[in-house]
Amino acid sequence: MNHEQFMRDAIRLSEEGVRAGRGGPFGCVIVRDGRVVGRGNNQVTSACDPTAHAEVVAIRDACRALKTFQLPDCTLYASCEPCPMCLSAVYWARIPTVYFGATRDDAAAVGFDDELIYREISLPRDRRQVSMRGLLRDEALASFGVWSGKTDKVPY
């Protein structure tokens, strides 16, 4: 299979998800060594889970299949440019390459507008629409001390 075939698979998953009533028009496949190792389509409304975007579902699927929490030798194909949450998941999974079909502007044109999130991320915490307040920092830091002293930790 080539890049276009993998993208067509992601697009097919997006359309299947919409037709089945699982969620929005987004699909994703993750490929390693020319083989699909993870698939997902948007399941936000059907799973009652705002994090169940196609990319996150596919990353979870690929990680389960490969029994790992990082995908540095994989490529992600998304039917649409990843939103800020999905892009963050790509970085956390260490996926080095993303191909996407539709753009974030295309998504905004049909009601999926992530521009607010893009703007908010760059603002200082005290200027965001979501109130963010520190609480019990010293107590929370205790777990960092446990982590720092752990000799058998798996870094990520």
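Above this text is the structure in question.
The following paragraphs examine the structure supplied in this document. All values reported here derive from a predicted model rather than from experimental measurement. (Residues numbered from 1 in each chain as written. Predicted model: local features only at pLDDT ≥ 70, side-chain atom pairs only at ≥ 80, totals over all residues. Heavy atoms only, no water.)

Attention shifts here to helix α3 (residues 54–66). Compared with an ideal rise of 1.5 Å per residue, which puts 13 residues at 18 Å, α3 spans 18 Å between its outermost C-alpha atoms and is within 8% of the ideal. Among all positions of α3, only A54, E55, V56, V57, A58, I59, A62, C63 and L66 are buried. Contacts from the buried residues of α3 go to β1 (27–32), β2 (35–41), β3 (75–80) and α4 (84–93). Positive backbone phi, approximately 55°, marks K67, located one or two places after α3. (Helix = DSSP H or I, 4+ residues; strand = E, 2+ residues; numbered from the N terminus. Expected span 1.5 Å × (residues − 1). Buried < 20%, exposed > 50% of the residue type's maximum accessible area, 1.4 Å probe, protein only. Contact = heavy atoms within 4.5 Å.)

With that settled, consider the packing of aromatic side chains. Under the definition given, this model contains six aromatic pairs. Look at Y77 and Y99: their rings are 5.1 Å apart centre to centre, the planes differ by 5°, and that puts the pair in the stacked class. Of this pair, Y77 sits in strand β3 while Y99 sits in strand β4 (residues 97–102); the two residues are 22 residues apart in sequence, bridging distant segments of the chain. What makes Y99 partly exposed here is its relative accessible area of 31%. Counting every residue linked through ring pairs, the aromatic cluster contains F69, W92, W147 and Y156. A cation over a ring is seen here: R104 above Y118, with NZ or CZ 3.7 Å from the ring centre. (Phe/Tyr/Trp six-rings, centres within 6.5 Å; stacked < 30°, edge-to-face > 60°. Lys NZ or Arg CZ within 6 Å of the ring centre and 35° of its normal.)

So, about the pairing of β4. In terms of strand pairing, β3 meets β4 through five bridges, oriented parallel. Each bridged residue has a counterpart across the sheet, and for L76 the counterpart in β4 is V98. Remark: the β3/α4/β4 crossover connection has right-handed handedness. (Pairing = 2+ DSSP bridges. Right-handed = clockwise from strand over helix to strand, strands pointing away.)

This part is about the side chain of S14. Tracing the backbone through its elements, the reader meets S14 in helix α1 (residues 3–19). If we skip the residues at most four places from it in the chain, S14 touches G24, P25, F26, G27 and S79.

Take a nonpolar patch on the surface next. A contiguous nonpolar surface patch, about 610 Å² in accessible area, is contributed by F69, W92, W147, V154 and Y156. The topology assignment puts V154 in the segment after α7 (137–149). (Patch = residues over 30% accessible without salt bridge, like charges linked within 9 Å, V, L, I, M, F, W, Y side chains within 5 Å. Areas by Shrake-Rupley, 256 points an atom, 1.4 Å probe, with all protein chains shown as cover. Salt bridge = Lys/Arg side-chain N within 4 Å of Asp/Glu carboxyl O.)

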